[in-house]
Amino acid sequence: MDTHFEIESILKEKRVFKPDPAFARKANVSGAAAYNRLHKEADQNYQRFWARLAREQVSWFSPWKKVLDWKPPFAKWFVGAKTNVSYNCLDRHLEGENAWRRNKAAIIWQGEPEEDRRVLTYGDLHREVCKFANVLKSRGVKKGDRVVIYMPLVPELAIAMLACSRIGAVHSIIFGGFSAEAIRDRIDDAQAEIVITADGGWRRGSIVPLKQLVDKATEKSRQIRDVIVLRRTGQEILMKDGRDLWWHELMQEASPDCKPAKLDAEHPLFILYTSGSTGKPKGVLHTTGGYLVHVTVTSKYIFDLKEDDTYWCTADIGWITGHSYVVYGILSNGATSFMYEGAPNWPGPDRFWELIDRNQVSIFYTAPTAIRAFMKWGDHEVKKHSLASLRLLGTVGEPINPKAWMWYRRLIGKNRCPIVDTYWQTETGGIMISPLPGAVPTMPGSCTRPFPGIAYDVVNETGESVGPNEGGFLVVTRPWPGMLRGIYGDPARFKEEYWSKFPDKGIYFAGDGARRDRNGNFWVMGRVDDVMNVAGHRLSTMEIESALVSHPSVTEAAVVGRPHEIKGTGIAAFVTLESGADADAALKEALRQHVAKEIGPIARPDDLRFTDSLPKTRSGKIMRRLLRELAAGKLPVGDTTTLEDFSVLAELRESEES
Ligand code: PRX
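Please read all numbers here as calculations on a predicted model, not as lab measurements.

Calculation rules
- Residues numbered from 1 in each chain as written.
- Predicted model: local features only at pLDDT ≥ 70, side-chain atom pairs only at ≥ 80, totals over all residues.
- Heavy atoms only, no water.
- Axes fitted to C-alpha atoms, helices over the stretch in contact; angles between N-to-C directions.
- Helix = DSSP H or I, 4+ residues; strand = E, 2+ residues; numbered from the N terminus.
- Parallel < 35°, antiparallel > 145°, perpendicular 65-115°, else oblique.
- Contact = heavy atoms within 4.5 Å.
- Nonpolar A, V, L, I, M, F, W, Y, C, P; charged D, E, K, R; others polar.
- 1 Å grid on protein atoms, 1.4 Å probe; cavity = no way out; pocket = protein on both sides within 12 Å on 5 of 7 lines; lining within 4 Å.
- Points joined across faces, edges and corners; volume = space filled by probe spheres on them.
- Buried < 20%, exposed > 50% of the residue type's maximum accessible area, 1.4 Å probe, protein only.
- Pairing = 2+ DSSP bridges.
- Core = buried A, V, L, I, M, F, W, Y, C linked by side-chain atoms within 4.5 Å.
- Polar contact = N/O pair within 3.5 Å; in protein donor to acceptor, adjacent residues only side chain to side chain.
- Expected span 1.5 Å × (residues − 1).
- Arc of directions from axis to C-beta.
- Near = heavy atom within 4 Å.
- Areas by Shrake-Rupley, 256 points an atom, 1.4 Å probe, with all protein chains shown as cover.
- Salt bridge = Lys/Arg side-chain N within 4 Å of Asp/Glu carboxyl O.

Caption draft 1: Looking closely at the packing of helix H2 (residues 31-44) against helix H3 (residues 46-57). Running from N to C, H2 and H3 point in directions that differ by 120°, and their axes come no closer than 5 Å. The orientation of H2 with respect to H3, classified from their angle, is oblique. Residue-level inspection shows Leu38, Glu41, Ala42 and Gln44 of H2 in contact with H3, the latter providing Tyr46, Phe49 and Arg52. Looking at the contact of H2 with H3 residue by residue, the class counts come to four nonpolar, one polar and two charged.

What follows is the structure, given as structure tokens:
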């Protein structure tokens, strides 16, 4: 944790957009009075509030004995209740008054190749999930076993995760852009024995060789029993005898009858690895009941989901946004989730807009980094399409700059669609701070107010609330249903990472700085720790540093974020070399590739500079703030590849930093 980071209030935004009365009238939370009632109810007794929503919006096999058991930092929600996530996402849409949804589209999927399009109704999806759950059972997968999934964005990814949840297996999905090394670490950490993958996935017209990467990751592993392979791209691949099995062959035999397991509300649902402030990614653990309540309720109120909506969240399912708001929260509401496998600029930069028109998408949820790329590709690409079907827009993943927000509103939303800027994290499970579109006025750059029942504060170093418009640490002051229940296999790290900044207070802090204005609206200012948001992906500086240092030519490395026009934050690396290594362009490129190989292409540094030494304090701490300024071009270093003046700069800054 870099405690020297100064949080400054930088945004001075004054524009306010009130909800359109026509939208508000029909909204699931309609108008300010309804919204205030929800807040009042939640403030009076937040546990009772969540319990009411849990009863109304989620189906349970048996009720809870206690809403919350809170022994900071360990929470149990809906203690003793039994439910099943796949039951809530599937079966309940085929029964009783909702039985008509059997033939409603659950997933509308578009592959990157134009001709690949599939629609799965709730009836279809239920059948496929039951069959695959039986496949898992037949391969010996039991309740509590970890299943690693490394797939492209195809319906089978959703089928695999729902099948795991149906039988109580714990999925750990790895984003398709991660490297073999990253897969291996995650398989080892989760002690998984089974991997589900595909031969490949499509990305900008080429094949990402997923199976090959899995083979590389598991080369030396004896722990992997089965690798189930979906045929997606169709190229020749190696199938290892006695270990690798084709998805389609296993499915042929499988029965479509599979009862959902009656699982404890606290039964683990999934592990999802994310970057923290150390070099080793952590397995964030989410459980069943509370998570399901959180994502179901927030989907309904924040995205204002209606029966006739076609909802599109552009996130990959390999990230938390995809888990919660491509699959679980959306299907649990019986809504239609549109999924697209490919890149936003393939075959052309207007691909998304064309897909919105063709599929009559009504709700569109994406990341600021994507919006900035769309802006760069030009207004004319958007104007080729009507976008008249859209009625609501959302953003997630990083602070959105007001310019991008206004462009989104004007060009995509045609000044008609409300924008929900949703703040949350892998750890929070679901959205935490966001406007409700039919009730809350919005401002470019503010995620507005915490969801009813969720308590945020902005505090100083000693944990006291700061005044309006003062910057501080963004913290949660009471438990919430979707909260992470731990870091897989590492309770000490769980306490240390999230609950130790303000000890003994049960206060959760996960790395962001913010301010709250006079009207109670939150303005998130970004990470104050060693985690960066690069193009909406979360990366730790230490992870990239250890990747660089693992190269034989590198002695030491320091990585910082720097402003980047499209990605929001770009990656700048300062590297010192072993004697004898040539500080040339070829090595620079080799090191960038090395990071891509170790972690994945998303972690490849944008800038890499060689230096004789890194600026440090007397205690040996790298002076990151100085490096951040250097990387941002705020200090006069010119276009040098060696920063000889570092030691001088270091001395100048030393007293300040140590
Ligand atoms: O810094 C915050 C930023 O993304 C971080 C969480 O990243 P991750 O766990 O990968 O989850 C991303 C998707 C939920 C946060 O700590 N962040 C996320 N949403 C916003 C945001 N920053 C500002 N505004 C947001 N709406």
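Having seen the structure, we can now continue with the description.
Caption draft 2: Up close: empty space enclosed by the protein. Scanning the model with the defined rule gives two cavities of 30 Å³ or more in all. Volume-wise, the largest cavity comes out at about 60 Å³. Along its surface, the largest cavity is lined by Phe178, Arg186, Tyr273, Thr274, Ser275, Trp319, Arg538, Leu539 and Glu543. Listing elements by their share of the lining of the largest cavity, those giving two or more residues are strand E14 (268-274) and strand E27 (537-540). Tallied by class, residues from the lining of the largest cavity come to four nonpolar, two polar and three charged. The computed volume of the second largest cavity comes to approximately 40 Å³. Looking at the lining of the second largest cavity, the element that brings in the most residues is strand E22 (residues 472-476), giving three residues. A breakdown of the residues in the lining of the second largest cavity according to their chemical character gives seven nonpolar, one polar and no charged.

Caption draft 3: Looking closely at the environment of Ala586. Looking at where Ala586 falls in the secondary structure, it is placed in helix H18 (residues 585-598). Note on Ala586: relative accessible area 54%, which makes it exposed. Separated by 191 residues in the primary sequence, Ala586 and Thr395 have C-alpha atoms spaced 39 Å apart.

Caption draft 4: Looking closely at the sheet that holds strand E8 (residues 194-198). Read across the sheet, eight strands follow the order E12-E11-E8-E6-E7-E14-E15-E23 without closing on themselves; strand pairing throughout is mixed. Lying at the two open borders of the sheet, with one neighbouring strand each, are strand E12 (244-246) and strand E23 (486-487). The pairing of strand E15 (residues 282-287) with E23 spans two bridges and is antiparallel. Following the sheet pairing, Val284 is matched in E23 by Ile487. Against the sheet, helix H7 (residues 180-190) contacts strand E6 (146-150), E8 and E14, and its axis sits at roughly 140° relative to E14.

Caption draft 5: Quick peek at the nonpolar core. Formed by 166 residues in total, the largest nonpolar core has its most connected members in Phe132, Phe303 and Tyr328. For this core, the leading source of residues is helix H6 (residues 155-167), giving nine residues. In this structure, Tyr328 is in contact with Val85, Cys89, Met161, Leu162, Ser165, His171, Leu269, Phe270, Tyr291, Val295 and His323, ignoring residues within four places of it in sequence. Ranked by size, the runner-up nonpolar core spans 29 residues in total, among them Val361, Leu390, Trp405 and Ile419.

Caption draft 6: Focus on unusual backbone geometry. At the junction of Pro72 and Pro73, the peptide bond is cis and its omega measures out at 0° in the coordinates. If you trace the backbone, Pro73 turns up in the loop between strand E1 (66-71) and strand E2 (74-79). Residue Pro347 follows Trp346 across a cis peptide bond; omega there is 0°. By the element assignment, Pro347 lies in the loop between strand E17 (336-340) and helix H12 (351-359). Non-glycine residue Asp304 carries a positive phi angle of around 55°. When its relative accessible area of 1% is taken as the criterion, Asp304 is described as buried. We note that Thr448 has phi near 60°; this positive angle belongs to a residue other than glycine. Among the structural elements, Thr448 can be located in the loop between strand E20 (419-422) and strand E21 (456-459).

Caption draft 7: Spatial organisation of helix H17 (residues 541-549). If you check which residues of H17 are buried, you get Thr541, Glu543, Ile544, Glu545, Ala547 and Leu548. Among the residues of H17, the N-terminal cap falls to Ser540, whose side-chain oxygen and the backbone nitrogen of Met542 are separated by 3.2 Å.

Caption draft 8: Structural context of H2. Between the first and last C-alpha of H2 there are 20 Å, a value that for 14 residues agrees with the 20 Å anticipated at 1.5 Å per step. Of the residues making up H2, those classed as buried are Gly31, Ala34, Tyr35, Leu38, His39 and Ala42. One side of H2 carries all its buried residues, which in axial view fall inside an arc of 140°. For H2, exposure combined with an orientation more than 90 degrees from the buried face picks out Arg37, Lys40, Asp43 and Gln44. Packed against the buried residues of H2 are helix H1 (21-26), H3 and helix H10 (289-302).

Caption draft 9: Structural context of the site of the ligand. Taken together, 17 residues form the shell around the ligand, and within it Asp421, Thr426, Asp512, Arg527 and Arg538 come nearest. Note that an oxygen atom of the ligand is positioned 2.6 Å from one of the side-chain N or O atoms of Thr426. Within the side chain of Asn533, a nitrogen or oxygen atom sits 3.1 Å from an oxygen atom of the ligand. Protein contact buries 97% of the 540 Å² of open area that the ligand shows by itself. Listing elements by their share of the shell around the ligand, those giving two or more residues are helix H11 (320-332), E20 and strand E25 (522-527). Partitioned by chemical class, the residues of the shell around the ligand number six nonpolar, six polar and five charged.

Caption draft 10: Structural view of the side chain of Ser172. Structurally, Ser172 can be placed in strand E7 (residues 170-173). Once you skip the residues sitting within four places of it in the chain, Ser172 turns out to touch Val147, Val148, Ile149, Ile271 and Tyr273.

Caption draft 11: Molecular detail of the packing of helix H13 (residues 368-377) against helix H15 (residues 402-412). Where H13 contacts H15, the axes come no closer than 10 Å and their chain directions differ by 70°. Relative to H15, H13 is oriented roughly perpendicular. Counted together, Ile371, Arg372, Phe374 and Met375 of H13 and Lys403, Ala404, Trp407 and Tyr408 of H15 form the full contact between these two elements. Class assignment for the residues of the contact of H13 with H15 results in six nonpolar, no polar and two charged.

Caption draft 12: Seen up close, the pairing of E15. Here E15 lies mainly inside the structure; six of its six residues are buried. Both faces of E15 are covered, namely the face carrying Lys282, Val284 and His286 and the face carrying Gly283, Leu285 and Thr287. Examined bridge by bridge, E14 and E15 share six bridges and lie antiparallel to one another. Pairing of Ile271 across the sheet is with Leu285, part of E15.

Caption draft 13: View of the pattern of salt bridges. Going through the model one piece at a time under the given rule, you end up with 45 salt bridges. The partner of Asp244 in a salt bridge is Lys211, and the shortest N-O contact between them spans 2.7 Å. With Asp244 in strand E12 and Lys211 in helix H8 (residues 210-217), the pair connects residues that are 33 residues apart, well separated along the chain. Under the relative-accessibility criterion, Lys211 is labelled buried at 0%. Of the charged contacts, one joins Lys384 and Asp350 as a salt bridge, the two residues approaching to 3.9 Å between their closest N and O atoms. Of the two residues, Lys384 sits in the loop between helix H14 (379-383) and strand E19 (392-396) while Asp350 sits in the loop between E17 and H12, which places them 34 residues apart along the sequence. Looking at Asp350, the relative accessible area reads 14%, which means it is buried.

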